[in-house]
Amino acid sequence: MKSSSAATAPRAAADNDRSPRSRIRRQLPSSPWLFAAPGLLVVGIFILYPFVSTLINSFTDKRTLIPGEYVGLDNFRELLHDDMFWIGLRNSTLYVVGVVPALVLLPLLLAMLVQKHIPGITFFRSAFYTPVVASIVVVGLIWVWMLDERGLVNAVLEAVGVGSVGFLSDQWLLLLSAMAVTVWKGLGYYMIIYLAALANVPRELHEAASVDGAGAVRRFFTVTVPAVRSTMVLVAALSSVAAFKVFSEVYLMAGPNGGPAGEDTTLVMLVQRVGTGLTGRVGYASAISVVVFVVTVALMLLVLRADRKEDA
């Protein structure tokens, strides 16, 4: 009896090894890849492949209907002597300088305002977020109608005796108007991000600062700002990239030609203008796109580096 039981013991162990649970365990290492495969396929088709294709095209003279040949760095050398490229780089840089500080500070103040539990605050939260979900085309057309020479804003200015202002005909006023639209549309989005960060700030910190005699302004700089500093860095990085790649606001308000004499053209507008159409210079437009990519990555690295210096 003992020998038979001893003989059946290895068989039972072997049967246990062949159980469904053991087979599932052996399949686990490959299972995550099966779940990730659809997402990786989408990323590869719509992100990775266009990026690699743009990088390759930037070293060719490819056109819309012509495959093109390898030209090395000729496209990038041409950029150095292209006046429109420098105009686009100037406007995109000014856009970052004008928009990012406003989108870092104003949504924080707005979030602190709507964070208060007062009657009707839900309505104001929804109202402030409405521009975010509105179509940029509709928003742009509304602002063009308002800022036109015969629009609502100029009608009010003429009524009070100021006179008509060329918001859409002056080079710098047009760029500032587009910046204002970008800030107005992005306030609600970044406000939500700040609301989530402010919810994690302990109320005891504000109470302790109040006991020490700190006013509202001092509590803002000594309690609120340090508590949400990481969120401010995130907002600065996101808004910097979005501002440098601005297209819709300027395109809708300045037109396809980029305003008077093309002086309000941005880099992304230049990519669209140069690389589209039957005679589009796809290779040259790809070179501009590579420059835009490099600059946006550099902006993010600068923001992260500044954050690390403050931590040190």
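So, here's what we can say about the structure. (Residues numbered from 1 in each chain as written. Predicted model: local features only at pLDDT ≥ 70, side-chain atom pairs only at ≥ 80, totals over all residues. Heavy atoms only, no water.)

## Notes on the packing of aromatic side chains
The relative placement of two aromatic rings is captured by the distance of their centres and the angle of their planes. Let me state the cut-off plainly: Here the aromatic set is Phe, Tyr and Trp, taking the six-membered ring for Trp, and pairing holds for ring centres within 6.5 Å; pairs whose planes are under 30 degrees apart are stacked, those over 60 apart are edge-to-face, and all others are tilted. Numbering of helices and strands runs from the N terminus, with a helix taken as a DSSP run of H or I at least four residues long and a strand as a DSSP run of E at least two residues long. For the exposure calls, accessible area comes from a 1.4 Å probe over protein chains only, and a residue counts as buried if that area is under 20% of its type's maximum, exposed if over 50%, partly exposed in between.
Inspection of the entire model under this criterion finds nine aromatic pairs. Ring geometry for phenylalanine 59 versus phenylalanine 76: centroids 5.7 Å apart, planes at 50 degrees, classification tilted. Of this pair, phenylalanine 59 sits in the loop between α3 (31–57) and α4 (74–80) while phenylalanine 76 sits in helix α4; the two residues are 17 residues apart in sequence, bridging distant segments of the chain. The class for phenylalanine 59 is partly exposed, based on a relative accessible area of 26%. Each ring, one from phenylalanine 220 and one from phenylalanine 221, has its centre 5.1 Å from the other, and the planes form 85 degrees; the classification is edge-to-face. Using a relative accessible area of 10% as the deciding quantity, one classes phenylalanine 220 as buried. With a relative accessible area of 55%, phenylalanine 221 lands in the exposed category. Feature note: the residues Phe123, Phe124 and Phe128 constitute an aromatic cluster, connected by ring pairs.

## Overview of the packing of helix α10 (residues 203–211) against helix α11 (residues 216–227)
Pairs of packed helices are described in terms of their axes, by the angle between the two and the distance that separates them. For the record, the criterion: Simply put, an axis is a line fit to the C-alpha atoms, just over the touching stretch for a helix, and the angle between two N-to-C directions goes from 0 to 180 degrees. For any helix crossing, the convention is left-handed if the near helix is rotated counterclockwise from the far helix by under a right angle, and right-handed if that rotation is clockwise. For this analysis, residues touch if any pair of their heavy atoms sits within 4.5 Å. Side-chain classes follow a simple rule in which Ala, Val, Leu, Ile, Met, Phe, Trp, Tyr, Cys and Pro form the nonpolar group, Asp, Glu, Lys and Arg form the charged group, and the remainder, Gly included, forms the polar group.
α11 packs onto α10 with a crossing angle of 145 degrees between their chain directions and a minimal axis gap of 10 Å. Here the hand of the crossing between α10 and α11 comes out right-handed. Note on element contacts: α11 touches α10 through Arg219, Val223 and Thr224, opposite Leu205, His206, Ala209 and Ser210. Looking at the contact of α10 with α11 residue by residue, the class counts come to three nonpolar, three polar and one charged.

## Description of the packing of helix α7 (residues 136–147) against helix α9 (residues 171–198)
Let me state the cut-off plainly: An angle below 35 degrees is read as roughly parallel, one above 145 as roughly antiparallel, one from 65 to 115 as roughly perpendicular, and any other as oblique.
Following both chains from N to C, one finds α7 and α9 inclined at 135 degrees, their axes separated by 11 Å at the closest point. As the angle between them shows, α7 and α9 are arranged oblique. Between α7 and α9 the crossing geometry is right-handed. Residues Ile136, Val139, Trp143 and Leu147 of α7 pack against Ser177, Val181, Trp184 and Lys185 of α9. Per-class residue counts for the contact of α7 with α9 are six nonpolar, one polar and one charged.

## Quick notes on the pattern of salt bridges
Counted only if it meets this: A pairing counts as a salt bridge when a side-chain nitrogen of Lys or Arg comes within 4 Å of a carboxyl oxygen of Asp or Glu.
All chains considered together, the criterion is met by three salt bridges. Put simply, glutamate 263 and arginine 90 hold a salt bridge, and the shortest N to O gap is 3.3 Å. In this pair, glutamate 263 is assigned in the loop between α13 (248–254) and α14 (267–275) and arginine 90 in helix α5 (residues 83–114), connecting sequence segments 173 residues apart.

## Remarks on α5
For an α-helix the count is 3.6 residues per turn, leaving residues at separations of three or four pointing the same way. The cut-off we apply is this: Here, expected helix span is obtained from the residue count minus one, scaled by 1.5 Å. Bend angle per residue: angle between axes fitted to the 7 residues ending at that residue and the 7 residues starting there. Whenever a nitrogen or oxygen atom comes within 3.5 Å of another N or O atom, the pair is scored as a polar contact, on the condition that within protein one atom can donate a hydrogen and the other can accept it, and that pairs from neighbouring residues in sequence are kept only if both atoms are in side chains.
Counted at 1.5 Å a residue, the expected span for α5 with its 32 residues is 46 Å, and the 46 Å between its end C-alpha atoms agrees. The sharpest bend along α5 reaches about 25 degrees and sits at valine 99, with the proline proline 101 one to four residues further on. Its side-chain oxygen placed 3.1 Å from the backbone nitrogen of methionine 84, aspartate 82 serves as the N-cap of α5.

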